[in-house]
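# Architecture at a glance
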Amino acid sequence: MTSTAPGPFRVRDSLPLPAAEATLIAGAERHEQYRIDVVPRVEDVLARAVEVLDGRAVAVFVDETVEVLYGGTLLTGLRAAGHDPTVRTVPSGEASKSLDQALAAWHWLAESQLARRDVLLTVGGGVVTDLGGWVASAYMRGIPYVNLPTTLLAQVDGAVGGKVAVNHPVAKNLLGAFHQPSAVIAGIEFLGSIGDRELCAGLAEAIKKALIASPAYWRFIDDHAERLRARDADALLTLVRAAAAIKAALIARDPYELDLRRPLNFGHAVGHALETATGYGPLLHGEAVAYGMVVETSVAVRRGLAPHGLLDDLVALLLRCGLPASADGLPIAAPQDELIAALDKVRLIRGGSLRIVLPVALGETLIADDVGERELREALDATAEVGTVVTQ
Ligand SMILES: NC(=O)c1ccc[n+]([C@@H]2O[C@H](COP(=O)([O-])OP(=O)(O)OC[C@H]3O[C@@H](n4cnc5c(N)ncnc54)[C@H](O)[C@@H]3O)[C@@H](O)[C@H]2O)c1
Ligand SMILES: [Zn+2]
């Protein structure tokens, strides 16, 4: 019934009246696929982006730090390929994942010439891909967007999967949607300029995937931790490609989270609560997830579900990757009462049950919905100092 040919387009229907006793059902199904490219250089990213844009108009939504470093190259390249991009820079940092920034972006788009099938190109870390994706999801009920992730965290995780959101003071990612990107193009060269903390934070999400779903990926990270921290381009390319493949495989089972029992949320119940309790910003998401994984694994060990060796291995790998493996290793104090209050709020939002992913062995998890406050407090106490985490 669809035609893209120019000129008048005739539609004829002859629908019957429904039978009196018929149950009325409206159907809607969507099947989406997109390509993920992991390429070495910024110029490769540009070439692939031009291919994906395929002549459509483009609005560029870019992190301000990234704009300073790579904006010239990217915009010059787009213009050389015949594009006339409109550009909006977003202040760097988690505080930009806000309703205010989204609103400002919608005003910007409304004043642009962008049409329904044109493209929003997001260029930055997870903050910009989450914020830009959500803006794209609502603008004109959803315009296409293409992610150009520039941090390790966004390349191994945030840019893939279509979960887009902004934060609310009450809870992380409270306002959001599912809106799949049309393409993801990760350039390893971008990782040359991210900070050491940001590099390590990205490794946390890679370690998460390894622990929940891939002993082979765990071995790769374990074997290459030092090379990864030294930003060896080949090691990083393998790391990012494998992360994208693992995430794509895991989300393909349930892309719209009809079932909330998701291993990918490992480390995130506690991690997100930690970010909320510390006010979105002082802690990088990956740092919060690293400590969240330690606390949640500690719960599993204390329940007798996982061997203590699993916790020891996790702590050892996190430390080698420059990540916090105990509360005292976090760059900011984690106030326990605020953290428990943030977890209670999530429990309330989720209809009374807080699901926590408990690792049982490499590649195997158990998702519990009965972890109570006392158990959490005990795990938080047990993971307060790195010495106690590995010996208790
Ligand atoms: N949607 C998802 O599935 C998903 C998954 C994981 C994380 N996330 C979200 O991602 C966010 C965190 O992403 P992030 O860690 O990338 O943080 P970020 O976007 O804040 O980037 C971190 C810092 O790096 C800077 N930066 C980015 N690229 C750079 C480059 N190439 N060179 C130099 N500096 C650069 C930014 O300006 C920023 O200061 C969190 O909000 C988290 O909730 C989303
Ligand atoms: Zn995450």
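The notes below deal with the structure included here. (Residues numbered from 1 in each chain as written. Chains lettered and ligands numbered in written order. Predicted model: local features only at pLDDT ≥ 70, side-chain atom pairs only at ≥ 80, totals over all residues. Heavy atoms only, no water.)

Quick look at the sheet that holds strand β4 (residues 119-124) now. The sheet built from 6 strands is open, its strands ordered β1-β8-β5-β4-β2-β3 with parallel pairing. Sheet topology places β1 (35-39) and β3 (86-90) at the edges, where each strand pairs with a single neighbour. Here the strands of the sheet are splayed against their neighbours by 15° on average, with no regard to which way each runs. Relative to strand β8 (residues 183-187), strand β5 (residues 145-149) is paired through 2 bridges, and the arrangement is parallel. For N147, the partnering residue across the bridge sits in β8 and is V184. Packed onto the sheet, helix α3 (residues 99-110) meets β2 (58-63), β3 and β4 and runs at close to 170° relative to β3. Strands β1 and β8 of the sheet are contacted by helix α8 (residues 233-252), whose axis makes an angle of about 170° with β1. (Pairing = 2+ DSSP bridges. Helix = DSSP H or I, 4+ residues; strand = E, 2+ residues; numbered from the N terminus. Axes fitted to C-alpha atoms, helices over the stretch in contact; angles between N-to-C directions. Contact = heavy atoms within 4.5 Å.)

Another point: the site of ligand 1. With respect to spatial proximity, 26 residues lie near ligand 1, and among them G126, T150, T151, K163 and S193 are the closest. A distance of 2.9 Å is found between an oxygen atom of ligand 1 and a side-chain nitrogen or oxygen belonging to S92. Contact between ligand 1 and K247: an oxygen atom at 3.2 Å from a side-chain N or O atom of the residue. Taking 870 Å² as the accessible area of ligand 1 by itself, protein coverage stands at 91%. Among the elements of the structure, α2 (64-80), α4 (126-138), α5 (152-158) and α6 (196-213) are those that each provide at least two residues to the shell around ligand 1. In terms of residue count, the dominant contributor to the shell around ligand 1 is α2 (4 residues). (Near = heavy atom within 4 Å. Polar contact = N/O pair within 3.5 Å; in protein donor to acceptor, adjacent residues only side chain to side chain. Areas by Shrake-Rupley, 256 points an atom, 1.4 Å probe, with all protein chains shown as cover.)

Now for the packing of helix α10 (residues 285-302) against helix α11 (residues 308-320). Where α10 contacts α11, the axes come no closer than 9 Å and their chain directions differ by 170°. Classed by the angle they form, the pair α10 and α11 counts as roughly antiparallel. Facing α10, whose interface residues are A290, M293, V294, T297, S298 and V301, α11 presents H308, L310, L311, L314, V315 and L318. Here the residues of the contact of α10 with α11 sort into 9 nonpolar, 3 polar and no charged. (Parallel < 35°, antiparallel > 145°, perpendicular 65-115°, else oblique. Nonpolar A, V, L, I, M, F, W, Y, C, P; charged D, E, K, R; others polar.)

Turning next to the side chain of E205. Structurally, the position occupied by E205 is in helix α6. With a relative accessible area of 2%, E205 lands in the buried category. One polar contact links E205 to H268, side chain to side chain, over a distance of 3.3 Å. Among the polar contacts listed, one links the side chain of E205 to the side chain of H285, at a separation of 2.9 Å. Apart from the residues lying within four places of it in its own chain, the contact partners of E205 are L153, V156, D157, H268, H285 and V289. (Buried < 20%, exposed > 50% of the residue type's maximum accessible area, 1.4 Å probe, protein only.)

Counting residues in hydrophobic clusters, the biggest one holds 77 residues, and the most contacted among them are L152, I207, I221 and L239. Top contributing element to this core by residue count: α10, with 10 residues. Among all residues touching L239, those that are not within four sequence positions of it are L152, V156, L203, A206, Y217, F220, I221 and L228. (Core = buried A, V, L, I, M, F, W, Y, C linked by side-chain atoms within 4.5 Å.)

Moving on, we come to the coordination of the zinc ion (ligand 2). Protein coordination at the zinc ion (ligand 2) comes from E205 (OE), H268 (NE2) and H285 (NE2), with a distance range of 1.9 to 2.1 Å. One chain supplies every donor for the zinc ion (ligand 2), spaced along it as E-x62-H-x16-H. Residue E205 is located in helix α6, and its partner H268 is located in helix α9 (residues 268-277); the two are separated by 63 residues in the primary sequence. (Donors = N, O, S within 2.8 Å, 3.2 Å for Na, K, Ca; no water.)

What follows is about the pattern of salt bridges. The full count for this structure, using the stated rule, is 27 salt bridges. Here D157 and K247 are joined by a salt bridge, their closest N and O atoms 2.5 Å apart. Of this pair, D157 sits in helix α5 while K247 sits in helix α8, and the two are 90 residues apart along the sequence. Looking at D157, the relative accessible area reads 5%, which means it is buried. When salt bridges with common partners are traced through the structure, they connect D157, E205, K208, K209 and K247 into a single cluster. (Salt bridge = Lys/Arg side-chain N within 4 Å of Asp/Glu carboxyl O.)

All right, on to helix α7 (residues 215-229) then. Over its 15 residues, α7 extends 20 Å from the first C-alpha to the last, a length consistent with the 21 Å expected when each residue adds 1.5 Å. Most pronounced at D223, the bend in α7 amounts to some 55°. Where α7 is buried, its residues contact α6, α8 and α11. (Expected span 1.5 Å × (residues − 1). Bend = angle between axes of the 7 residues up to and from the residue.)

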